[in-house]
Amino acid sequence: MHLPSVDTLKNIYGEEKKSIERFRKLGDCFKEHFGTEEIEFFSAPGRTEIIGNHTDHNGGKILAASIDMDTVGAAYPNNTSVIHIVSEGYKNEIIVDLKEISKAPKCQGTVSLVAGMMEAAEKFGFQTGGFSAYVSTNVIGAAGVSSSASFEMLICCIINYFFNQGKMEEIDYARIGQYAENVYWEKASGLMDQMACAVGGTILLDFSRPREELYSKVDFSFGQMGYDLVIVNTGKGHADLSEEYSSIPMEMKEAAAVMGADILGERSLKEFMPHIKEMDNDRSVLRALHFFQENKRVEQAMDAIDKGDKKELLHILEASGNSSWKWLQNCYAVSDCKDQKVSLTLALTEIFLETIQDGCCRVHGGGFAGVIMAVVPKGRTEEYVGYISQYVGEDNVYPMNIRQCGALHLE
């Protein structure tokens, strides 16, 4: 078994001792399950959405980044048409026969996702093949940092390395993951999660642009500003909230339709305003207004980053969070309005930030349940972690960094 090099691990994780043991254990588990020492190692990060909440599916703009939580895999081709995946902590092995993709179940967890990805890869002109993999992750599940997209990008990286000679690009990874979620999970996902996990570092995504101009790299991290990014799991997953998520792009598209457009990105706020009285769904109007203003805030955030104006950037992020809470309305589910853990954790964090007169917070990712993000000055991070842990538990608070590399094969 050939483990990743020390230089590779240092470049990705900033250290090598814990990481080498992690990959040695991963390799040992692979050998135990599949009986071979022929192994290659892969990694794909989770992601953070800095600003641009729920805009990707309507042709909007987002500033996103990969994080230093990742999904790792040990894998190797098995010279059959069958994919075998064992995930650490799960009893059932995922088995997908490439010759029988049409018979694969939909909306049945990981097996559906893998089948959908293989179907998508072949539809998009790429090769697939049977392989065996042992997978482990420290990306928080059901918590808005894209554990599913991290897994998807890992699988894409595996098939790219083994069967496509590295010809697949990040946008191909993202489209494959999106197809699987749209068709095999029946979830109206955009491309943001997958792109942020695939590319690595901080990226500006503009979904109004053609494929080859979809993203650009941005030289930014909260650490450069003297702040820490803290993700707080509010204590409830979101696996049962697909209808809530899907309602956002659907209602935004309702608003676009009154202007004769398919998506809001095809029109402007000025064009939308005269049509507001034509709409019966007030929430659809509010969500459209959020979209237009959020796009503007992404541009303002980029300007603040370019100028090094951290106070202005924090102000813009705070405004984004307020818009998500009040206009987009994705901080709690209407179907269970008494359960408002995201809103409560935001309120508690706002009280803390008011006492120190610095930092900001906002709902993170899809919303409705899951996590919030807090941006806290480095000198007060430990204090905030202790404070918020009283309410959500220490195991649900995650100070983290932006990771500079995306999904990759580890040499």
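Everything below is about the structure printed above this text.
The residue numbering used here restarts from 1 in each chain and proceeds along that chain's sequence as written. With pLDDT at 70 or above as the cut-off, local features in this predicted model cover only qualifying residues; side-chain atom pairs require 80 or more to be listed or tallied, and sums for whole chains, interfaces and linings still use all residues. Here the side-chain values reflect all heavy atoms present in the structure, with hydrogen atoms and water set aside.

Once that is clear, we can look at helix H6 (residues 192-199). Between buried and exposed lies partly exposed: a residue is buried under 20% and exposed over 50% of the maximum accessible area for its type, with that area taken using a 1.4 Å probe on protein chains only. Every helix listed is a DSSP run of H or I at least four residues long, and every strand listed is a run of E at least two residues long, numbered separately from the N terminus. With seven of its eight residues buried, H6 lies for the most part within the structure. The complete set of buried residues in H6 reads Met192, Gln194, Met195, Ala196, Cys197, Ala198 and Val199. Contact definition: two residues touch when any of their heavy atoms are within 4.5 Å. At its buried positions, H6 is contacted by strand S1 (40-51), strand S2 (61-77), helix H4 (147-163), helix H5 (170-184), strand S6 (202-206) and strand S7 (215-218). Positioned one or two residues after H6, glycine 200 has a phi angle of 90 degrees, which is positive.

Moving on to the nonpolar core. Only buried residues count toward a nonpolar core, which is a set of Ala, Val, Leu, Ile, Met, Phe, Trp, Tyr and Cys residues joined through side-chain atoms within 4.5 Å. Counting residues in each nonpolar core, the largest one holds 41 residues, and the members touching the most others are Ile85, Met118 and Phe131. Ranked by residues supplied to this core, first place goes to H4 with 11 residues. Residues within four places of isoleucine 85 in sequence aside, it is in contact with Glu93, Ile94, Val114, Phe131, Ala133, Val135, Phe151 and Ile155. Counting 30 residues, the second-largest nonpolar core is a separate cluster that includes Ile67, Met225, Leu229 and Met373.

This part covers the side chain of serine 81. Considering the arrangement of structural elements, one finds serine 81 in the loop between S2 and strand S3 (82-87). Think of a polar contact as two N or O atoms within 3.5 Å of one another; within protein, one of them needs to be a possible hydrogen donor and the other a possible acceptor, and neighboring residues in sequence only count if both atoms come from side chains. Among the polar contacts made by the side chain of serine 81, one reaches the side chain of aspartate 97 at a distance of 3.1 Å. Apart from the residues within four sequence positions on either side, serine 81 is in contact with Val96, Asp97, Leu98, Lys99 and Gly130.

Quick look at the sheet that holds strand S8 (residues 227-233) now. Strand order in the open sheet formed by four strands is S9-S10-S8-S11, with antiparallel pairing between adjacent strands. Each of the sheet's edge strands pairs with one partner strand only, and the pair in question is strand S9 (360-363) and strand S11 (397-400). Across the sheet, the axes of successive neighbouring strands diverge by a mean angle of 20 degrees, strand direction being ignored. By the bridge criterion, seven bridges tie S8 to strand S10 (residues 371-377) in an arrangement that is antiparallel. Of the residues in S10, the one forming a bridge with tyrosine 227 is proline 377. Here the rule is simple: two strands pair whenever DSSP picks up at least two bridges between them. To get an axis, a line is fitted to the C-alpha atoms, and for a helix only the part in contact is used. The angle between two axes follows their N-to-C directions and goes from 0 to 180 degrees.

Moving on, we get to the packing of aromatic side chains. Geometry of an aromatic ring pair is reported as the spacing of the ring centres plus the angle between the planes. Pairing of aromatic rings covers Phe, Tyr and the six-membered ring of Trp, with a centre-to-centre limit of 6.5 Å; geometry is then stacked below 30 degrees between planes, edge-to-face above 60, and tilted otherwise. Taken as a whole and judged by the stated rule, the model has 16 aromatic pairs. Ring centres 5.2 Å apart and planes at 55 degrees place the aromatic pair phenylalanine 352 and tyrosine 384 in the tilted group. Of the two residues, phenylalanine 352 sits in helix H12 (residues 341-356) while tyrosine 384 sits in helix H13 (residues 381-392), which places them 32 residues apart along the sequence. For phenylalanine 352, a relative accessible area of 4% gives the class buried. One aromatic cluster is present, built from ring pairs that chain together Phe42, Tyr76, Tyr161, Phe162 and Phe163. Here, over-ring charges are defined by two tests on the NZ atom of lysine or the CZ atom of arginine: distance to the ring centre within 6 Å, and angle to the ring normal within 35 degrees. Against the face of tyrosine 184 rests lysine 106, its NZ or CZ located 5.1 Å from the ring centre.

Before going further, it helps to spend a moment on unusual backbone geometry. Backbone geometry places glutamine 329, a non-glycine residue, at a positive phi of 65 degrees. Within the fold, glutamine 329 resides in the loop between helix H11 (310-328) and H12. For glutamine 329, a relative accessible area of 29% puts it in the partly exposed group. Even without being a glycine, phenylalanine 368 presents a positive backbone phi close to 70 degrees. Its place among the elements puts phenylalanine 368 in the loop between S9 and S10.

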